[in-house]
Amino acid sequence: MALYLIGDVQGCDAALGRLLAEIGFSPSRARIILLGDLVNRGPASLAVLRRVRALGEAACGCLLGNHDIHLLAVAAGLRRCGRRDTLQDILAAPDGAALLDWLRRQPLARMEAGILMVHAGVLPAWDAAQTLALAAEVQQALSGADWAAHLATLFGNAPDHWDEALGGAARLRAIVNALTRCRLITLDGCMDFNTKDSHGADGAPPGLIPWFEHPARRTAEQPIAFGHWSTLGPVLRPNLMALDTGCVWGGTLSALRVGSDGTRELIQVECTQACTPG
């Protein structure tokens, strides 16, 4: 069965439909994984959630991205919708509560076909097993009856680095920040949340490097696929696959086909710009 990894959809359901048609997707013959940010900024976030949930886990898995977590917080009354948010269709939908209940139980990391999948980044100190275990801690917190109380503590830039001694809300917040928000870090492993997505890998401010370029990264030999960083464009290295290609900004929506023999093929569809930067 073929596996397709798909970059940030961000509510662009028409583009997702075209991409699935382009790859000839059939749930009986292939499986897709969406690498987070299913919703927001695009015009049809509700349709994306309905499509992905209806396909079922056997055919379609996903990760939580920062926009997905923001949606959960807005729905729980913990955050307000931003000026460019496009979440109201979900909040007003008759099946909105069921979709949100499904969404909050999704993981922040997966391992399939030997590929570690996250939405944003993996800290240098983590290996693949620890990354999956830490992601499971957050998933467990958001899957329980007191999920909203946990969610309320997950927003903020501190701590900006990993410490094995972290516990409670600070520990979960550091995990979420790495897996759903991180792009640039210092050589000391501190995450930067001030630099916007206008910089590619070569345009980082002094003292900052892309998380995947850290010289001591324990996952350097582990194949990793991620999204979240649209200005990188598609990055296809043997052990690094970046698949956010800016669909919502008028770029493309990308799928990476991973064959059972290890072959990889990039498939893209053009997207109509749905959101203006700024």
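This text follows the structure it describes.
Residues numbered from 1 in each chain as written. Predicted model: local features only at pLDDT ≥ 70, side-chain atom pairs only at ≥ 80, totals over all residues. Heavy atoms only, no water.

### Re the pairing of strand β1 (residues 2-6)
Moving on, step 1. The buried fraction of β1 amounts to five of the five residues, a majority that puts the element mostly inside the structure.
Moving on, step 2. With burial as the criterion, each face of β1 is covered, one bearing A2, Y4 and I6 and the other bearing L3 and L5.
Moving on, step 3. In this structure, β1 lies alongside strand β2 (residues 30-34), joined through five bridges in parallel fashion. Across the sheet, the residue bridging to L3 is R31, located in β2.
Moving on, step 4. A crossover connection joins β1 to the parallel β2 through helix α1 (residues 13-22); in handedness this β-α-β unit is right-handed.
Moving on, step 5. Where β1 and strand β12 (residues 252-258) come together, four bridges link them in antiparallel fashion. (Buried < 20%, exposed > 50% of the residue type's maximum accessible area, 1.4 Å probe, protein only. Helix = DSSP H or I, 4+ residues; strand = E, 2+ residues; numbered from the N terminus. Pairing = 2+ DSSP bridges. Right-handed = clockwise from strand over helix to strand, strands pointing away.)

### Section: the side chain of D8
Moving on, step 1. Mapped onto the fold, D8 is located in the loop between β1 and α1.
Moving on, step 2. R183 is the oppositely charged side chain nearest to the buried, salt-bridge-free D8, at an N-O distance of 7.0 Å. (Lys, Arg positive; Asp, Glu negative; His and termini not counted. Salt bridge = Lys/Arg side-chain N within 4 Å of Asp/Glu carboxyl O.)

### Comments concerning α1
Moving on, step 1. For α1, every residue scored as buried is listed here: D13, A15, L16, L19 and L20. Down the axis of α1, the buried set is contained in an arc of 155°. They therefore lie on one face. Turned more than 90 degrees away from the buried face of α1, the exposed residues are A14, A21 and E22.
Moving on, step 2. Looking at the buried residues of α1, the elements they touch are β1, β2, α2 (45-55), β12 and β13 (264-270). (Arc of directions from axis to C-beta. Contact = heavy atoms within 4.5 Å.)

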